[in-house]
Amino acid sequence: MNRILRLALICTTLFSFSILGIVRAAAQQVPNPGSRTLMDAHNCYPYFEWWSDRIDRALSAGTPLAIEQDLGWFTDKKTGKSWSIVTHGQPYSGEEPTMDKYFFERVRPIVEQALQQGNKGDWPLITLNLDFKDNKPEHLAAVLTLLRKYQDWLSSAPKTARDQDVQPLDVKPILVLTGESDAQQAVFFDQLKTGDRVLAFGAIHTEHKAPQAAPEVLGEEKATNYRRWWNNPWRVVEAGGQQQAGEWTEEKMNRLRALVERAHGNGLWIRFYTLDGATEEELSSHGWFHGYDFGTLDAARIRWRAAIAAHVDYVASDQYELLGSQIRNGARADSNQSK
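Predicted, not measured: the structure shown is a model, and the values here were computed from it. (Residues numbered from 1 in each chain as written. Predicted model: local features only at pLDDT ≥ 70, side-chain atom pairs only at ≥ 80, totals over all residues. Heavy atoms only, no water.)

A. Representation of the overall build of the protein chain in the model. Scanning the protein chain from N- to C-terminus turns up 10 helices and 11 strands. Put simply, of all contacts in the protein chain between residues at least 6 apart along the chain, 71% involve residues at least 24 apart. By element, 53% of the accessible surface of the protein chain is carried by carbon and sulfur atoms, the whole surface being about 16800 Å². (Helix = DSSP H or I, 4+ residues; strand = E, 2+ residues; numbered from the N terminus. Contact = heavy atoms within 4.5 Å. Areas by Shrake-Rupley, 256 points an atom, 1.4 Å probe, with all protein chains shown as cover.)

Next comes the structure, spelled out in structure tokens:
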């Protein structure tokens, strides 16, 4: 009898560990809010003929990461033909790269290797952050067509009749995020048929809110089946933003934590942009903007470490390699502390 009980206990224990392993594996395949901090490669595309290596620099920092692509709608006056281009803004020349060529074909080897290996622990490997310079319906429709071309690479969820019915993601190597525009929701979600795959996920509405408002005011909305993240300029943490930041204080850290906790409590990923600390020479030679610069690398690093400690999901910077290294070092430190 004792032998039977022992065998039963062993079988029950093995079954429990098996179920636990399945649950853990499933959990690893879902990038839950707060589960990891990623370097978000800000403005990761060329300006005219300059800085075409930005995507290579970003990818050299290692995956998982996020990559931002700004998109404009170009119309050739001679032919009348229009297409989506990767650009920071007008004037457009028509020589700008397309996202198909500049982003998707560049990451093809990474994605195809990931699909072949099937190790989903770090998926999505790349979060593609789309910043539309216009919301023309034909532009949004063209981008949706492009996303469908690469649908097998993209994390998705089934379209539901009600946006409030949040569905789990089928996680793939790439996750596509877009903005808070209702015009984008119309194309990427509302106009889909029930059961179609949602391929791009929007941000909650915050554009017209006071940046120093309480977290529950700024982050009033909860996650929906379409809107799954919250995008923030740094001035919501430090009044006046990077140029007027001053010293990092405990009060500011508490503000950052409160914003992050609000986002994660509402089922949202949260992003802050753009945290740089560069010299005048670096700003000029790399095409980075003064408005995003804290003035020194040390000042930026303090904020990077704070964001990692607060479990911010996406930290945007133009200093891809340095921030990527900071995040990896932070992850190793957390791992060592847990042992």
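B. Molecular detail of the pattern of salt bridges. Counting across every chain of the model gives 15 salt bridges. Residue E238 pairs with R303 through a salt bridge whose shortest N-O separation is 2.9 Å. You can see E238 sitting in the loop between strand 9 (227-233) and helix 7 (250-265) and its partner R303 sitting in helix 9 (residues 297-309), a full 65 residues away along the chain. Neither E238 nor R303 differs from the other in exposure class; each is buried. Here the residues in one salt-bridge network are D40, E68 and R271, joined through shared partners. (Salt bridge = Lys/Arg side-chain N within 4 Å of Asp/Glu carboxyl O. Buried < 20%, exposed > 50% of the residue type's maximum accessible area, 1.4 Å probe, protein only.)

C. How the structure looks around helix 9. When the terminal C-alpha atoms of helix 9 are compared, their 18 Å separation across 13 residues agrees well with the 18 Å that a helix rising 1.5 Å per residue should span. Within helix 9, burial applies to A299, A300, R303, W304, A306, A307 and I308. After helix 9 finishes, the residue H311 shows a positive phi value of roughly 65°. (Expected span 1.5 Å × (residues − 1).)

D. Examining the packing of aromatic side chains more closely. Scanning the model with the defined rule gives 17 aromatic pairs in all. On the numbers, 4.3 Å between centres and 5° between planes, the contact of F104 with Y150 is stacked. On the criterion of sequence distance, the pair formed by F104 in helix 3 (residues 99-117) and Y150 in the loop between helix 4 (137-149) and strand 5 (157-158) is long-range, its members being 46 residues apart. Comparing F104 with Y150 shows no difference in burial state: the two are buried. With a centroid separation of 5.9 Å and 40° between ring planes, the pair formed by F189 and Y226 is classed as tilted. Taken together, the residues F189 in helix 5 (residues 182-190) and Y226 in the loop between helix 6 (215-218) and strand 9 connect sequence positions 37 residues apart. By relative accessible area, which is 2% here, F189 ends up buried. For Y226, a relative accessible area of 0% puts it in the buried group. Grouped by ring-pair contacts, the aromatic residues Y45, Y47, F48, W50, W51, Y273, F289 and Y292 constitute a single cluster. Directly above the ring of F189 sits K159, whose terminal nitrogen or CZ lies 4.8 Å from the centroid. (Phe/Tyr/Trp six-rings, centres within 6.5 Å; stacked < 30°, edge-to-face > 60°. Lys NZ or Arg CZ within 6 Å of the ring centre and 35° of its normal.)

E. Expanded view of unusual backbone geometry. Look at the link from Q90 to P91: it is a cis peptide, with omega at 5°. Counting through the fold element by element, P91 comes out in the loop between strand 3 (82-86) and helix 3. Here the residue pair W123 and P124 is connected by a cis peptide bond, since its omega of -10° sits within 30 degrees of zero. Tracing the backbone through its elements, the reader meets P124 in the loop between helix 3 and strand 4 (126-132). Phi is positive for W51, which is not a glycine, with a value near 60°. With respect to the helices and strands, the residue W51 is situated in the loop between strand 1 (38-41) and helix 2 (54-60). Look at H311: it is not a glycine, yet its phi comes out positive at around 65°. Summarising the element assignment, H311 is placed in the loop between helix 9 and strand 11 (314-317). Under the relative-accessibility criterion, H311 is labelled partly exposed at 42%.

F. Region of interest: helix 5. Q184, Q185, V187, F188 and F189 are the residues of helix 5 that are buried. Buried residues along helix 5 sit against strand 4, helix 4, strand 7 (197-198) and strand 9. The N-terminus of helix 5 is capped by S181, whose side-chain oxygen sits 3.0 Å from the backbone nitrogen of A183. (Polar contact = N/O pair within 3.5 Å; in protein donor to acceptor, adjacent residues only side chain to side chain.)

G. How the structure looks around the packing of helix 7 against helix 9. Direction vectors running N to C along helix 7 and helix 9 enclose 45°, while the axes themselves pass 10 Å from each other. If you check the angle between helix 7 and helix 9, you find them oblique. Between helix 7 and helix 9 lies a crossing of right-handed hand. Listed contacts from helix 9 to K252, M253, L256 and R257 of helix 7 are R303, A306, A307 and A309. Taken together, the residues of the contact of helix 7 with helix 9 break down into five nonpolar, no polar and three charged. (Axes fitted to C-alpha atoms, helices over the stretch in contact; angles between N-to-C directions. Parallel < 35°, antiparallel > 145°, perpendicular 65-115°, else oblique. Left-handed = near helix turned anticlockwise from the far one by under 90°. Nonpolar A, V, L, I, M, F, W, Y, C, P; charged D, E, K, R; others polar.)

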